[in-house]
Amino acid sequence: MSKDIRIKKGLDIKLVGEAEKTTIAAKASGFYAIKPEDFHSIIPKMLVKVGHKVKAGQALFHSKLDEALLFPSPVSGEISEIIRGAKRKILEIRIQADATQEYFDFGKKDVAKMSGEEVKAHLRAAGCWPFIKQRPYDVIANAEKSPKAIFVSGHNSAPLAADFDYVLAGKEAELKAALTALTKLTEGSVHVATKKGGNSPLANIAGITSHQVSGPHPSGNVGTHINKIDPVNKGETVWTVTAQDLVVIGELLLTGIFNATRIIAVTGSQITNPKYVTAIAGASVKDIVVNNINLDNTRIISGNVLSGKQLAEDDAIGYYDNQITAIPEGDDYEFIGWNKPIFNKKST
């Protein structure tokens with residue numbers, strides 16, 4: 001049974017620079033990077049060295065605590081650099097991409113005929129398990145346990161966030177395959193929340209429990225949906241998957257390849273022409289925003305302004321992110337601005 005969610009107490013931060021609903025292909029990046037710090041609580045154990053050739057989908061490293069938890073390369077190419085920090089901590093693995101991408105073939109699957117254990121084993125072998133997160137703590141899900149429910153948010157209410165109704169258009173087959181796979185992983189429900197009044201391809205898929213959400217931010221946060229639909233009690237866990245990652249999982253099941261291409265919203269007042277760009281996870285920010293950004297006193301964020309991470313122009317976009325925000329640095333100050341009665345903006 002559907003349960004509509006209406007948030008009354010929240011706040012939409014009105015920023016300039018929302019992405020226009022046009023999509024272009026990003027310039028091919030000079031390098032693609034995977035950062036182990038994007039995966040909470042994971043200590044990486046390398047499976048490749050500098051100079052090794054890899055295919056897209058081939059594992060670069062596994063978790064030191066779980067050898068079956070693999071993290072794949074988003075592109076085919078050569079390992080050009082492994083950047084380490086203090087105590088030889090691995091900070092970044094850089095791949096020099098091939099001009100023509102070559103994909104590791106994991107084999108097509110008929111998910112309707114697979115058991116839960118078969119789905120789990122396939123997603124782990126193909127490196128798609130890191131897309132499944134666990135609450136509490138927002139860490140990669142423990143494959144040894146079963147959640148009481150799985151949640152997917154098809155609406156993002158964060159400032160300037162990508163419009164999932166637009167981003168997911170035409171991906172109905174991939175979404176259906178991925179959601180069917182998720183229903184095999186829990187004895188509970190797979191809850192999918194979409195924007196009320198929207199036109200999401202997630203809304204009418206069989207076998208899931210659909211919800212419509214409305215109201216200001218954080219109405220799109222999956223944690224809000226969990227709290228309103230099926231709160232987590234002591235000793236319980238739920239799993240979450242983002243809508244954009246469902247497409248990667250669905251394409252793996254339908255075609256047998258790991259394709260980390262996603263549509264990224266390039267937003268913010270420092271962007272000349274805010275729009276959507278198709279790029280591969282780990283692409284260089286410089287190549288995504290090329291000739292489309294004012295770099296004068298600008299802060300570049302991988303993600304949104306509330307939960308994203310600040311990057312330099314030559315850094316790579318975060319593994320889970322589908323938004324780049326460029327805003328003024330904000331180092332200008334108004335004398336005793338905190339003490340003035342101002343009616344057209346939020347107080348400091």
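Every value quoted in this text rests on a predicted model; they were computed, and no experiment measured them. (Residues numbered from 1 in each chain as written. Predicted model: local features only at pLDDT ≥ 70, side-chain atom pairs only at ≥ 80, totals over all residues. Heavy atoms only, no water.)

Remarks on the sheet that holds strand β4 (residues 44-46)
Stated precisely, the cut-off is as follows: By this definition, two strands are paired if DSSP reports at least two bridges between them. Labels follow the DSSP assignment, with helices taken as runs of H or I lasting at least four residues and strands as runs of E lasting at least two, numbered in each case from the N terminus. To get an axis, fit a line to the C-alpha atoms, keeping to the stretch in contact for a helix; angles then go from 0 to 180 degrees between the N-to-C directions.
The antiparallel open sheet is built from 3 strands, whose spatial order is β4-β6-β7. A strand with exactly one partner marks an edge of an open sheet, and here the two such strands are β4 and β7 (66-72). Ignoring strand direction, the axes of neighbouring strands in this sheet form an average angle of 40°. As defined by bridge partners, strand β6 (residues 59-63) adjoins β7 across 4 bridges and the pair is classed as antiparallel. When the sheet's bridge partners are listed, Phe61 is paired in β7 with Phe71.

Side note on the sheet that holds strand β8 (residues 77-84)
Reading across the sheet, the 4 strands line up as β3-β9-β8-β5 and stay open at both edges, with antiparallel pairing between neighbours. Every other strand in the sheet has two partners, leaving β3 (32-34) and β5 (53-54) as the edge strands with one partner each. Looking at chain direction, β5 and β8 are connected through 2 bridges and run antiparallel. Counted as the bridge partner of Val54 is Gly77 from β8.

Details of the pattern of salt bridges
Pairing between side chains of opposite charge can happen when the charged atoms of each approach one another. The line we're drawing: Just to be clear on terms, a salt bridge is a Lys or Arg side-chain nitrogen sitting within 4 Å of an Asp or Glu carboxyl oxygen. Each residue gets one of three labels from its accessible area relative to the maximum for its type: buried under 20%, exposed over 50%, partly exposed in between, using a 1.4 Å probe on protein chains only.
Counted under the stated rule, the structure contains 15 salt bridges. Among the salt bridges present, the one from Glu117 reaches Lys120, with a minimum N-O distance of 3.7 Å. With a gap of 3 residues between them, Glu117 and Lys120 both fall in helix α1 (residues 116-125), about one helical turn apart. For Lys120, a relative accessible area of 10% corresponds to the buried category. Between Asp245 and Arg262 there is a salt bridge whose closest N-O contact spans 2.9 Å. One end of the pair, Asp245, is in helix α5 (residues 243-255); the other, Arg262, is in strand β16 (residues 261-267), and 17 residues separate them in sequence. Because the salt bridges share partners, they merge into one network encompassing Lys133, Arg135 and Asp138.

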